Amino acid sequence: MKIDKEISHPIHRHHKLKLDYTEIPFNCEGCKEAGIGPRYRCQKCDFDLHKNCAVGPQFITHPFYKKCEFELHYRPPGTVMRYCDACGSDVLGFVYHCKKCGFDLHPCCANLPQVLDDGKHNLYLSVKISSSCHRCGGKGSGWAYRSECKNYNLHVSCVKQMLLENWQAMYFKVDQNKVREIQTRIPHLKGNVKNYRNGGKSSKVKRYTQMAGNAVSIVGSAILGDPTAIIAAAVNGFISKA
């Protein structure tokens, strides 16, 4: 698919938006969510749009909702507060909405790849999981990425929250004790490590710990709008591995 280097957009008519690339987090003026990687930007106005928000199609379908047709809205439809069915976060701006079924998806969530490959493991997007998320410890609602063996799961919402907490700590210069507290929870594998050690399976502990760091990085990159190895490495710089 051809990607234009410069576009006009209805919500920012007075200047052209130019395609660029950043490894510094930004706030998308379209969906109001965090982003990293390729974006369309107005330098004069400090105005940014995710690539998915800037040039996404007006109508899409999704394999998780086979009976739905999603239409892009620049504002949440209706009068009640809406939330994204993928990540659970409030819808504050651009959203893909199915009028028939009432489902809502942030543009970046709607474009999450079905399979992510970090070079060692494949992670598969699932509409729900049968075993606990390694960050929150619950099954809950919302999409998740799972390992091929189905023993390792990460909610999309949990990875998003981890990223936001880390960036708030780093960019707003909060107390360093808070930074350390956040890092010790990314990802939350303490219970697993203890159990495996008691069983004498240290190699399995190492493998799951490594998978945790890699999974958070690659899932985080996809959530932010660019599931590439380069961005995964950039995201990994923000995250302390278990």
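Right, let's walk through the structure included here. Since the structure is predicted, the reported quantities are computational estimates derived from the model, not experimental observations.

Procedures and definitions
- Residues numbered from 1 in each chain as written.
- Predicted model: local features only at pLDDT ≥ 70, side-chain atom pairs only at ≥ 80, totals over all residues.
- Heavy atoms only, no water.
- Helix = DSSP H or I, 4+ residues; strand = E, 2+ residues; numbered from the N terminus.
- Buried < 20%, exposed > 50% of the residue type's maximum accessible area, 1.4 Å probe, protein only.
- Areas by Shrake-Rupley, 256 points an atom, 1.4 Å probe, with all protein chains shown as cover.
- Salt bridge = Lys/Arg side-chain N within 4 Å of Asp/Glu carboxyl O.
- Phe/Tyr/Trp six-rings, centres within 6.5 Å; stacked < 30°, edge-to-face > 60°.
- Pairing = 2+ DSSP bridges.
- Axes fitted to C-alpha atoms, helices over the stretch in contact; angles between N-to-C directions.
- Contact = heavy atoms within 4.5 Å.
- Polar contact = N/O pair within 3.5 Å; in protein donor to acceptor, adjacent residues only side chain to side chain.

## What about the overall build of the chain?
Check the secondary structure of the chain and you find seven helices and twelve strands. Within the span of the chain, comprising 242 residues, buried residues form 46% of the whole. Total accessible area on the chain is roughly 12700 Å²; 51% of this is exposed by carbon and sulfur atoms.

## A word on the pattern of salt bridges
With the rule as written, the count across this model stands at seven salt bridges. Put simply, R39 and D48 hold a salt bridge, and the shortest N to O gap is 3.3 Å. Assigned by exposure class, R39 and D48 land together as buried. A network of salt bridges, in which partner residues are shared, links D20, R39, R41, D46 and D48.

## Observations regarding the packing of aromatic side chains
Across all of its chains, the model carries five aromatic pairs by this definition. Among the aromatic residues, those joined into a cluster by ring pairs are F64, Y65, F70, F103 and W143.

## As for the sheet that holds strand β3 (residues 34-42)
One open sheet accounts for four strands, arranged β1-β2-β3-β4; its pairing is antiparallel. For this open sheet the edge positions go to β1 (6-9) and β4 (47-50), each flanked by a neighbour on one side alone. Each neighbouring strand pair of the sheet contributes to a mean axis angle of 50°, computed without reference to strand direction. Bridge count for β1 against strand β2 (residues 12-27) is three bridges, and the pairing is antiparallel. In the sheet register, I7 faces β2, and the bridge partner there is L17.

## Comments concerning the environment of Y65
Looking at where Y65 falls in the secondary structure, it is placed in strand β6 (residues 65-73). Owing to a relative accessible area of 10%, Y65 belongs among the buried residues under this scheme. Expressed as a C-alpha distance, the spacing of Y65 and F103, which sit 38 residues apart in the sequence, is 8.7 Å. Setting aside residues up to four positions removed in sequence, Y65 forms contacts with F70, D85, F103, L105, V127 and W143.

## A short note on the side chain of D48
Its location among the elements puts D48 in strand β4. Within the structure, D48 has its side chain in polar contact with the side chain of R41 (distance 2.7 Å).

## Quick notes on unusual backbone geometry
Here K32, not a glycine, exhibits a phi torsion of approximately 70°, which is positive. Look at K32 and you get partly exposed, because its relative accessible area is 34%. Positive phi, normally seen in glycine, also occurs at D46, with a value near 55°. Locating D46 in the fold gives a position in the loop between β3 and β4.

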